[in-house]
Amino acid sequence: IGADETTLTGGGEGGNVYRCRLDGTKLERIATGFWNPHASCFDTFGRLFTVDNDPDSRPPCRLMHIIPGGDYGYRYRNGRAGLHPFTAWNGEIPGTLPMVAGTGEAPSGVLAYESDGLPEDFLGNLFATSWGDHRVDRFRLKPKGASFTSLAEPLIVGGENFRPVGIACAPDGSLYFTDWVKRDYTLHGQGRVWRISAVQPRANPPVDVRQITAKKADELLPLAKSQRIDVRRNAARALAASAGGRQQLLAALRDRSLTERQRIEALWALAPAKPGEVDLTSADLFATCDAVAAAAAWLIGSPALPMEQEKLQRLAESLVGERIALRSKRLIDGPALLGVLHNCKLNPNDVLVPLALSVDDPFVASEMVTSLARDFQPDGFARFLTPGSNVAPRIRIAMLLAARLHDPRDRTLLTISLGDHDPDVRRLAVQWVAEERHSDLRPRVEAVFNSNAVTADLFMATLAALEMLDGAKPADIDKTPAAKYVLPLLTDEKRSPAVRAQALRLVAPNDPRLEPAFLGKLLAGNDSLLRQEAIRTLQLAPPDRAAPLLLPLAADEKQDPRVRADATAGLAGVARSESPGGAVQSLLTKLMTSSDASLRREALRASRGTYAGNAPLRDALAALAGSIKPTGGAASDAEHELADQIALAGDPQAALPGAVSALRSKRPASKADWLAQLNRGRDADAEAGRRLFYHANGPGCYKCHTVNGRGGRVGPDLSRIVESMNRIQLIQSILDPSSEIAPQFVAWAFETTDGKVHTGMIVHENEGKTIVGDAEGKLTELKTIDIVQRVPQAKSVMPDKLTDLMTLQEFRDLIAYLESLK
């Protein structure tokens, strides 16, 4: 409640960011979706940053770039753990925004450094204190679309009794921060204050800002170019007090040789000008795509930047085109674009829709949704949501999000979207139904749940929606393992095969409740979808469970070759654990000479690493290698692939027959060579790539990554990876996994009290324990209290040289499979 009785209410969203005037009036909510936005700061350019503690089970803590109307995903009403399908932590749900970086545990203060006491490369960096990890971290912001990305760099590190909290900059450019000292929350009276300063003392004393207003104009202009924000800001304001000073500031604003910091102070100082005092249009502010233009967009229509309607129209249209074209380099801030559109008073259909069609940046999309919610009417939304409208899914998503903001009780648009063919649109629709308690639409939600076209994400969201509509508390869903919900669905024979198949994907293959007799029943059943998913589950199951069920399928010559290939791939783990001459190895020996190329390849791949002490397999491989004859002409891709498979399957120390060596594909020596190789050759096989993804003798993707509910949960979910990465990016992410790491997947080095160091990603952190996942998908549980320090790593947990574990054709097939995930 504001001082003027402005009252804001909500539904238990969690943390929010508000603003008001100094007297408490004009209270408004700026952004939502936080656990605990403990501290905030503005940088020179008016950009707002916040540090946010993490919920119980969704590490890491976050550094956030805050924009008006932004939704950062967390909903306290959905439970403390943060695992509810309606809760996002890094922009996973359409309409929510991602973090800039992961921070240390319990970030308590944040500061944008704009001074001259520390080395110059600190300018513009953010500094955050970490109470729980005993650190002060530095963040160098790297532009990413309309926002930023970064990586925490430890600046000051202490021991157990070092717990930094508040942080501030002194006039001399040094930093001061408070230290709570003890883990105990009680007021113990042992707190400390520390100072961070440059090693070399200042050459000149700091400027006293109290004396700036008394200086003459020729003294003020140099001060307006100072690195120290309070000096240049006060100097610019003093200049703006006179007509001559305003002209000097206007000249500085036009001068592109000055830094953005110097020019923007001129802009800030001139912004409050009265009509006739200054004309900012003469500065050609929108000629370049920079932070000054971003700030200036908010001033359009003010006395300092008046524009006629026709000129506003042209400006808005040029901004739309230019900012989209430049977004890969440095997109103008989303708020600036919104500022232009707010002031232009244009038909949203003329500007917003073309923009949304072209922009996939979540921050710009958020701005578009805010504008659409304000400017559109229900019939406007309906034009884009009605079946047959033939607009891109991102437009329908924006329209649906805006329609809910406009009127959350509108059932008409909601009903339309429940039947949309795009899973993200349907996901948002079922979430809207559940959160607004539209119980009369439950049958429509049930229809979504039972449909064939359902992703794992949509499946769990719809299941949560049905639970909520039936009276379940979201907090109970949040802390309940998914298997508890999906196992009853899997065993319910009255459910559709599509629902049961998706449930099976979400059950861990080693879950003891997934009994062999039940899987055998699915394999013997008539439904091909359930049979297929049972085989794929067994591929990841323990060998003693997989062997009895997969061996007969792989050996049955009457089976569909694709079924046999899947079953053979699933026997790889069994072959490794089997004694020489066992039934599985004997079958692989036989399949090596199969006339079916896919079976032969799967047999070779499944037998990798099993040749030591195994004479029959070794002899079979040697016979196959000896059967290859040199060709007089160009070899086929299939012949190259067979030679590559033989080379990868055999003893790496043993010499290969000459014909095999001659037919082996030339391994690329550089990224450029890899890209060239992977874009030519015979057609890639996405199904073969899927088998490789989950293969025990492949690159091991499944150990860390999930696709449609199946796989590990250490790394990113790849179910729809093609929506965020193109073919070249997919290839590069495998060749150089450390080149770009999303904030929530940064690896950390944890030093414990016993002197050991554990490296991996934080998978879970709650109830006094920290669970770390490594490159093999192995989880290590640490007592949080035993962690002495944690340091973010620039290197990805994803292993280097994964290409050594694949043939060239396998790499092609893997990329084809990843490209099919959408």
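Residues numbered from 1 in each chain as written. Predicted model: local features only at pLDDT ≥ 70, side-chain atom pairs only at ≥ 80, totals over all residues. Heavy atoms only, no water.

(A) Structural context of the environment of threonine 568. Relative to the helices and strands, threonine 568 is located in helix 23 (residues 561-570). Exposure remark for threonine 568: the relative accessible area of 0% places this residue in the buried category. Between the C-alpha atom of threonine 568 and that of alanine 606, which follows or precedes it by 38 residues, the distance is 7.1 Å. Apart from residues lying up to four places away in sequence, threonine 568 is in contact with Ala554, Leu588, Leu591, Leu599, Glu602, Ala603 and Ala606. (Helix = DSSP H or I, 4+ residues; strand = E, 2+ residues; numbered from the N terminus. Buried < 20%, exposed > 50% of the residue type's maximum accessible area, 1.4 Å probe, protein only. Contact = heavy atoms within 4.5 Å.)

(B) Layout of the sheet that holds strand 13 (residues 164-169). The 3 strands are arranged 13-14-15 in an open sheet whose pairing can be described as antiparallel. In the strand order of this sheet, the two ends are held by strand 13 and strand 15 (192-196), each with one partner. Neighbour-to-neighbour, the strand axes of this sheet turn through a mean angle of 25°, independent of strand direction. In this sheet, strand 15 lies alongside strand 14 (residues 175-179) in antiparallel orientation, the contact comprising 5 bridges. Bridging from a neighbouring strand, leucine 175 pairs with isoleucine 196 of strand 15. (Pairing = 2+ DSSP bridges. Axes fitted to C-alpha atoms, helices over the stretch in contact; angles between N-to-C directions.)

(C) The pairing of strand 13, seen in detail. Pairing of strand 13 with strand 14 involves 4 bridges; the strand directions are antiparallel. Following the sheet pairing, cysteine 169 is matched in strand 14 by leucine 175. Linking two consecutive strands that pair antiparallel, namely strand 13 and strand 14, is a turn of 5 residues; a positive phi of about 85° is found at glycine 173 within it.

(D) Representation of the sheet that holds strand 6 (residues 101-103) in the model. The strand order 3-4-5-6 describes an open sheet built from 4 strands, whose pairing is antiparallel. Edge positions in the sheet fall to strand 3 (36-42) and strand 6, since each of these pairs with one other strand and no more. Across the sheet, the mean angle separating the axes of adjacent strands is 30° when strand polarity is ignored. Here 5 bridges tie strand 4 (residues 48-53) to strand 5 (residues 61-66), and the two strands are oriented antiparallel to one another. Along strand 5, the bridge assignment pairs aspartate 52 with arginine 62.

(E) Seen up close, the packing of aromatic side chains. A full pass over the atoms with the stated rule returns 14 aromatic pairs. Ring geometry for phenylalanine 162 against tryptophan 194: centres 6.2 Å apart, planes inclined by 80°, an arrangement best described as edge-to-face. A residue pair is termed long-range when its members are at least 10 positions apart, and phenylalanine 162 in the loop between strand 12 (153-157) and strand 13 and tryptophan 194 in strand 15 qualify at 32 residues. By way of ring pairs, the aromatic residues Trp35, Tyr74, Tyr76 and Trp89 are connected into one cluster. Looking at arginine 62, its charged tip hangs above the ring of tryptophan 89, at a distance of 3.5 Å from the centre. Stacked on the ring of tryptophan 131, the Lys or Arg arginine 163 has its end atom at 4.3 Å from the ring centre. (Phe/Tyr/Trp six-rings, centres within 6.5 Å; stacked < 30°, edge-to-face > 60°. Lys NZ or Arg CZ within 6 Å of the ring centre and 35° of its normal.)

(F) Unusual backbone geometry, seen in detail. One non-glycine residue, lysine 26, lies in the positive phi region at around 60°. Relative to the assigned elements, lysine 26 resides in the loop between strand 1 (15-19) and strand 2 (28-34). Even without being a glycine, valine 181 presents a positive backbone phi close to 75°. Of note, valine 181 is situated in the loop between strand 14 and strand 15.

(G) Just the pairing of strand 2, in detail. Counting buried residues along strand 2, 5 of its 7 residues qualify, which places the element largely inside the surrounding structure. Relative to strand 2, strand 1 is paired through 5 bridges, and the arrangement is antiparallel. Paired with asparagine 16 across the two strands is threonine 32, which belongs to strand 2.

(H) Local environment of the nonpolar core. If you look at the biggest cluster of nonpolar residues, it comprises 101 residues, and the most contacted ones within it are Phe381 and Phe459. Tallying contributions element by element places helix 16 (residues 456-469) first for this core, with 11 residues. Beyond its immediate sequence surroundings of up to four residues, phenylalanine 381 is in contact with Leu372, Ala373, Phe376, Met399, Ala402, Ala403, His406 and Leu413. Core analysis: the second largest hydrophobic core is formed by 38 residues, Leu239, Ala273, Leu285 and Phe286 among them. (Core = buried A, V, L, I, M, F, W, Y, C linked by side-chain atoms within 4.5 Å.)

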